[in-house]
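Architecture at a glance
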Amino acid sequence: MIEIYNTLVSKILDEIIPATKEAINNGNKIFGAAILRKKDFSTLVIGTNNEFINPIFHGEISTIHNFYQKKLDNLYKPNDCIFLSTHEPCSLCLSAITWCGFDNFYYFFPYSDTKEKFNIPHDINIMKEVFNLEKGQYNKKNSYWKSYSIIDEIEKLEIHQKKILEEKINKIYEEYEILSEKYQKMKNLNKIPLN
């Protein structure tokens, strides 16, 4: 069981964060995602927030766009894949994941972190204002997919297994704190509707 979580945190550190650093330099937010093969956890495609080009190009949407643009759907069915998101997907991205047929997604940061740590409250605000979901409490296991908080799942592991992942988890927190500070300093210079 530890293998999947070790892989997911490594993918965030080694693949998504470097791409996110580049995206932030273009004025985008800190969100990213990847699509992996369930069979061997290999990365099929990654994507980052690209709202600078189009306001709906969130990290997950960009990743899905890359998946279909590269015609990977001809080789892999969405339900043969793991959908990895750095942050809990917003309502737009939840819908996109659903419409595309992915039967799962894993995320690192929950909505509360997105709002409180990263000062990007739109996910929870939209859930509340549009869907009347006070704290973004969507149905995390439904007939379309199951969602998993990476941190919550790691908490279920044995202590020695958690210790193995601790350094990588702390590094992700550190990296996103730096990324967030950079985004917050630059956000007023971009034309993204919901900064």
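The following paragraphs examine the structure supplied in this document. Source: prediction; values computed, not measured. (Residues numbered from 1 in each chain as written. Predicted model: local features only at pLDDT ≥ 70, side-chain atom pairs only at ≥ 80, totals over all residues. Heavy atoms only, no water.)

**Concerning the overall build of the protein chain**
When helices and strands are tallied, the protein chain shows seven helices and five strands. Counting from the amino terminus, helix and strand elements in the protein chain follow one another as α-β-β-α-β-α-β-α-α-β-α-α. A compact globule built from 195 residues should have a C-alpha radius of gyration of about 16 Å, and the protein chain, at 16 Å, falls within 12% of that. By its C-alpha atoms, the protein chain is 45 × 40 × 35 Å across when sized along the principal axes. Evaluated residue by residue, the protein chain yields a buried proportion of 49% over its 195 residues. Intrachain contacts of the protein chain at a sequence separation of at least 6 include 65% that bridge at least 24 residues. (Helix = DSSP H or I, 4+ residues; strand = E, 2+ residues; numbered from the N terminus. Rg over C-alpha atoms; globule rule 2.2 N^0.38 Å. Buried < 20%, exposed > 50% of the residue type's maximum accessible area, 1.4 Å probe, protein only. Contact = heavy atoms within 4.5 Å.)

**Overview of the packing of helix α2 (residues 59-69) against helix α3 (residues 91-100)**
Taken N-terminus to C-terminus, the directions of α2 and α3 make an angle of 25°; their axes are 9 Å apart at the nearest point. When the axes of α2 and α3 are compared, the pair comes out roughly parallel. Contact with α2, carried on its side by E60, I61, I64 and Y68, involves L92, C93, A96, I97 and C100 of α3 and no other residues of that element. Considered class by class, the residues forming the contact of α2 with α3 number eight nonpolar, no polar and one charged. (Axes fitted to C-alpha atoms, helices over the stretch in contact; angles between N-to-C directions. Parallel < 35°, antiparallel > 145°, perpendicular 65-115°, else oblique. Nonpolar A, V, L, I, M, F, W, Y, C, P; charged D, E, K, R; others polar.)

**Considering the packing of aromatic side chains**
Here the structure, examined in full by the defined rule, presents 15 aromatic pairs. Pairing F83 with F102 gives two aromatic rings, centres 5.2 Å apart and planes at 70°, and the pair type is edge-to-face. One end of the pair, F83, is in strand β3 (residues 81-87); the other, F102, is in the loop between α3 and β4 (104-109), with 19 residues separating them in the sequence. Taking relative accessible area as the criterion, F102 reaches 1% and is therefore assigned buried. (Phe/Tyr/Trp six-rings, centres within 6.5 Å; stacked < 30°, edge-to-face > 60°.)

**Description of the pattern of salt bridges**
For the structure on display, the rule yields twelve salt bridges. We note a salt bridge from E15 to K11, for which the minimum N-O separation is 3.4 Å. Here K11 and E15 lie together in helix α1 (residues 2-25), a separation of four residues that amounts to about one turn. K11 sits in the buried class, given a relative accessible area of 13%. For R37, the salt bridge is made with D40, and the minimal N-O distance between the two is 3.3 Å. Through salt bridges with shared partners, a single ionic network connects K21, K171 and E175. (Salt bridge = Lys/Arg side-chain N within 4 Å of Asp/Glu carboxyl O.)

**Side note on unusual backbone geometry**
If you check the backbone angles, F41 has positive phi at about 65° while not being a glycine. Of note, N119 is a non-glycine position whose phi angle comes to about 55°, a positive value. Its location among the elements puts N119 in the loop between α4 (111-116) and α5 (122-131).

**Description of the sheet that holds strand β5 (residues 146-149)**
The five strands are arranged β2-β1-β3-β4-β5 in an open sheet whose pairing can be described as mixed. Strands at the two margins of the open sheet, each flanked by one partner only, are β2 (43-48) and β5. Taken pair by pair, the neighbouring strands of this sheet meet at an average axis angle of 20°, ignoring direction. Two elements, β3 and β4, share three bridges in a ladder whose sense is parallel. Counted as the bridge partner of L84 is Y106 from β4. (Pairing = 2+ DSSP bridges.)

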